[in-house]
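# Structural overview
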Amino acid sequence: MSGALSRCLCRVLSRQSPRPSFLLGERHRVVQSLWFAPMRTLKISAPLRAEPRKKKKVDPRRELMLKERMRKKLRKMEKVAPELIPIEDLITPAKFLDETRERSAPRLSFEDSEGRALLLKEWCRYKQEQHMAEVQAVELTLQAQREALEELKLESEELYQAALKPDPLMFPFTYKGPVYTPPKSKYEAPDGKYNDITKVYTQ
């Protein structure tokens, strides 16, 4: 009984599984089954069987009505005066106009206030000495210049007149004319990182 059952199973399996052609050595058609599908039936992309979409027919009367509505809206917008955009830089916020808003000055101890007063006096004394030194240096330079010109005048009148003329090489002037390439109209100079809180008004 077991031998007959095994022989029956072998026959069923041999019918379902096709034998390869290189083992048989013959040209024959491979029987297609549900368990073994040929490679030609495997596809990566889906079959494209869609038709181009047809354009809907537009009623000319309806199109004329839409155009007329748009013209009426444009006429209404032209009649209304354009809204002026406020300049927020020239408007003081209301919270800054509150008279009760006061900033209390920090209370300093007696030692801190005395130290600041002494430091301010010392700074004023230093700046006064610096100013007097600069004034004295300028006066000495002008006095030496006058004495040198008087001595030069006694030596030669031509050299004296030449010394009175301004020297163009003392303060060189440079001028930059037009460049070879025009500036970029759409170039935006980098301003660094910032949060743009500018309000956009639509009319």
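Sequence order sets the numbering: in each chain, residues are counted from 1 along the sequence as written. Restriction of local features to residues with pLDDT of at least 70 applies here, the model being predicted, together with a cutoff of 80 or more for giving and counting side-chain atom pairs; totals for whole chains, interfaces and linings are based on all residues. Excluding hydrogens and water, the side-chain figures rest on all heavy atoms present in the structure.

In terms of helices and strands, the chain carries five helices and zero strands. Counting from the N terminus, the helices are the DSSP runs of H or I reaching at least four residues and the strands are the DSSP runs of E reaching at least two. Along the chain direction, N to C, the helices and strands of the chain fall in the order α-α-α-α-α. Think of it in three bands: residues with accessible area under 20% of the maximum for their type are buried, residues over 50% are exposed, and the middle band is partly exposed, with areas taken using a 1.4 Å probe on protein chains only. Classification of the 203 residues of the chain by burial places 1% in the buried group. For the chain, the exposed surface amounts to about 23,200 Å²; the carbon and sulfur share of it is 58%. Exposure was quantified through the Shrake-Rupley algorithm and a 1.4 Å probe, taking into account, for residues, occlusion by the shown protein chains and nothing else.

Comment: axis = line fitted to C-alpha atoms, over the contacting stretch for helices; angle = value between 0 and 180 degrees taken between N-to-C directions. In the contact formed by helix α4 (residues 110–155) and helix α5 (residues 157–164), the axes pass within 6 Å of each other and the chain directions differ by 145°. Together, Leu-149, Leu-152 and Lys-153 of α4 and Glu-157, Leu-159, Tyr-160, Ala-163 and Leu-164 of α5 make up the contact between the two elements. Under the convention adopted here, Pro, Cys and the residues Ala, Val, Leu, Ile, Met, Phe, Trp and Tyr are nonpolar, Asp, Glu, Lys and Arg are charged, and Gly plus all remaining residues are polar. Of the residues in the contact of α4 with α5, the class split is six nonpolar, no polar and two charged. The contact rule is simple, with two residues in contact once any of their heavy atoms fall within 4.5 Å.

Our focus in this paragraph is the packing of aromatic side chains. In this scheme Phe, Tyr and Trp rings, the latter by its six-membered ring, pair at centre separations within 6.5 Å, and the angle between planes marks the pair as stacked below 30 degrees, edge-to-face above 60, and tilted otherwise. Using the criterion set out here, one finds one aromatic pair in the structure. With a centroid separation of 5.7 Å and 35° between ring planes, the pair formed by Trp-123 and Tyr-126 is classed as tilted. In this pair, Trp-123 and Tyr-126 are both assigned in helix α4, three residues apart and thus about one turn of the helix distant. Residue Trp-123 is classed as exposed on the basis of its relative accessible area, which comes to 51%.

Another aspect to go through is a nonpolar patch on the surface. Each patch is built from residues lacking any salt bridge and having more than 30% relative accessible area; the joining distance is 9 Å for like charges and 5 Å for nonpolar side chains (Val, Leu, Ile, Met, Phe, Trp, Tyr). Salt bridges are counted wherever a side-chain nitrogen of Lys or Arg sits within 4 Å of a carboxyl oxygen of Asp or Glu. A cluster of nonpolar side chains, Leu-120, Trp-123 and Tyr-126, forms an exposed patch at the surface whose accessible area comes to about 370 Å². Its relative accessible area of 45% is what places Tyr-126 among the partly exposed residues.

Taken as a whole and judged by the stated rule, the model has two salt bridges. Between Glu-68 and Arg-71 there is a salt bridge; the shortest N-O distance is 3.8 Å. Linking Glu-68 with Arg-71, this pair stays in helix α3 (residues 60–79), spanning three residues, or about one helical turn. Owing to a relative accessible area of 33%, Glu-68 belongs among the partly exposed residues under this scheme.

We now examine the confidence of the model for the chain. pLDDT is defined as a per-residue confidence score from the predictor, taking values between 0 and 100. Per-residue confidence for the chain gives a mean pLDDT of 77; residues scoring 70 or more make up 74%. Per-element averaging of pLDDT across the chain places helix α2 (residues 21–24) at the bottom with 43 and α4 at the top with 95. Contacts for the low-pLDDT stretch residues 16–32, under 50 throughout, to residues beyond four places or in other chains number twelve contacts.

Before going further, it helps to examine a negative patch on the surface. Note that His is not counted, nor are the chain ends; the positive residues are Lys and Arg, and the negative ones are Asp and Glu. The atoms used to mark charge sites are NZ of Lys, CZ of Arg, CG of Asp and CD of Glu. The grouping of Glu-147, Glu-150, Glu-151 and Glu-155 at the surface amounts to a negative patch. As for its placement among the helices and strands, Glu-155 is situated in helix α4.

Turning our attention to the environment of Glu-83. Structurally, the position occupied by Glu-83 is in the loop between α3 and α4. In this structure the C-alpha to C-alpha distance between Glu-83 and Thr-202, which are 119 residues apart in sequence, comes to 9.1 Å.

On to a positive patch on the surface, then. There is a patch of like positive charges on the surface, built from Arg-62, Arg-69, Lys-72, Lys-73, Arg-75, Lys-76 and Lys-79. Tracing the chain through its elements places Arg-69 in helix α3.

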